Amino acid sequence: MSSQTTAPSTLELPADECIPTAAQSSREDAWLTLLETDRTAALTEIYRRHYRMIASYLYRRTGDPHLAEDLAAETFLAAFRTVDRLRKLAVPARFWLLRIATNASHRWMRGTRRRIAREQAREQAQPQARTPPEASRSDSTDSHQPVRSAVARLPRRFQAVIALHYFAGLAVQEVALVLECSEGTVKSRLSRGRDRLRRDLESTGGAV
Amino acid sequence: MTTSNDKSTPVSLDESLHAIGRIDWPGTDRNQRIEEHLMNSTVIASKAPAAGRIRRRPGLWLGAGALLASGLVYGSVRLYDRYKVRVNVNGVEHIHEVQSGPDGTAMVEVTLPDGKKARMLVGPENKGPDGEIRAGISVSENPPSVRKNDATAAPQKKD
């Protein structure tokens, strides 16, 4: 891809931006230039480029496609309001969006945490009756819901690293960039988060 | 360790988490709320205001609806910085000038098709977990005047 920075009406951004190379940084600069000249076009580009990735991430976290759609909209609208901050951040737009999406899902989790706790208590009282948790409106045959629910019960700092590493597919270094912490912290939280998940799943029957 | 529904062999937690990470997004690549917001930003950018100044920025998309004694009223409220509010009432669009207070809330008064007036308080604190802002609407034959002594209601400023 050419490294020339022009003022295009459309941009060719890589579909999966990882740690930016020099060429990718150049394209990011081109996008930032577009943001100055045609803000709506720049926001549209970021939406078209990253919507599926954000919606997938939120769907994997919640198990509910409609909720994921709502949270994705909330993510992008929040991103549009704060897009000027992106200029000051040394991260690709994808990571910035994942940070906003993670915060959006945390807010939703906070609201449903009590319902999840009640579901867990019911599951423990009736281990044979494994009904889907009330918190999720996903398909009742979703075999991943117990693991999702267990992730949702984790403290926020463990939830974030687990979700970004496994559900968004980020490497440890990338998770550290998104969360603005050290790689050592990410590794530690991943390890401790997994330990907590194991204990939680074992105590609730361990069904997947 | 976790067990799968249809197997007796244990599945590791890592495998379970990675399996969730491989789930495909079943929806489309389009989101109506986002696209409407972008479209409105484009419309605002292309139109000169008829009167007064509209300070343009990606703003809030507010959707409010209420079931009233006179029927279902769909109110779509859009706040433009400080002065312009566009309200859609049963497909008819009205533009209102309101002054939001320091806390970001604003009182919008609309006239319903039957002549009654409805007042709608909008603000970010009404946002629900799904991102929608829901505002209460009261209908009155003789609506009270807009709050004048409320600290959150700044004086009306007309251009």
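First, a word on scope: everything that follows refers to the structure included in this document. (Residues numbered from 1 in each chain as written. Chains lettered and ligands numbered in written order. Predicted model: local features only at pLDDT ≥ 70, side-chain atom pairs only at ≥ 80, totals over all residues. Heavy atoms only, no water.)

A separate point is the pattern of salt bridges. Two side chains with opposite charge may pair up if their charged atoms get near one another. Under the criterion given, the structure shown has nine salt bridges over all chains. Residue Glu-45 of chain A is joined to Arg-49 of chain A by a salt bridge in which the shortest nitrogen-to-oxygen separation is 3.7 Å. Of this pair, Glu-45 of chain A and Arg-49 of chain A both sit in helix H2 (residues 39-62), separated by four residues, roughly a single helical turn. Classification of Arg-49 of chain A as partly exposed rests on a relative accessible area of 25%. Here Asp-14 of chain B makes a salt bridge to Arg-194 of chain A, at a shortest N to O gap of 3.9 Å. On the criterion of chain membership, the pair formed by Asp-14 of chain B in helix H1 (residues 13-21) and Arg-194 of chain A in helix H8 (residues 183-203) is interchain, its members lying in two chains. (Salt bridge = Lys/Arg side-chain N within 4 Å of Asp/Glu carboxyl O. Helix = DSSP H or I, 4+ residues; strand = E, 2+ residues; numbered from the N terminus. Buried < 20%, exposed > 50% of the residue type's maximum accessible area, 1.4 Å probe, protein only.)

A few words now on helix H6 (residues 156-167) of chain A. Residue and element names in this part refer to chain A. Burial analysis of H6 places 10 of its 12 residues in the buried class, the great majority of the element. If you check which residues of H6 are buried, you get Phe-158, Gln-159, Ala-160, Val-161, Ile-162, Ala-163, Leu-164, His-165, Tyr-166 and Phe-167. Just past H6, the residue Gly-169 takes up positive phi, approximately 75 degrees.

In this section: helix H7 (residues 172-179) of chain A. Every buried residue of H7 of chain A is listed here: Val-172, Glu-174, Val-175, Ala-176 and Val-178 of chain A. Glu-180 of chain A, located one to two residues past H7 of chain A, shows a positive phi value of around 55 degrees.

Quick look at a positive patch on the surface now. Residues and elements named next belong to chain A. Where like charges cluster on the molecular surface, the positive patch consists of Arg-157, Arg-192, Arg-196 and Arg-199. No other element matches the three residues that H8 contributes to the positive patch. Positionally, Arg-199 belongs in helix H8. (Patch = residues over 30% accessible without salt bridge, like charges linked within 9 Å, V, L, I, M, F, W, Y side chains within 5 Å. Areas by Shrake-Rupley, 256 points an atom, 1.4 Å probe, with all protein chains shown as cover. Lys, Arg positive; Asp, Glu negative; His and termini not counted. Charge placed at Lys NZ, Arg CZ, Asp CG, Glu CD.)

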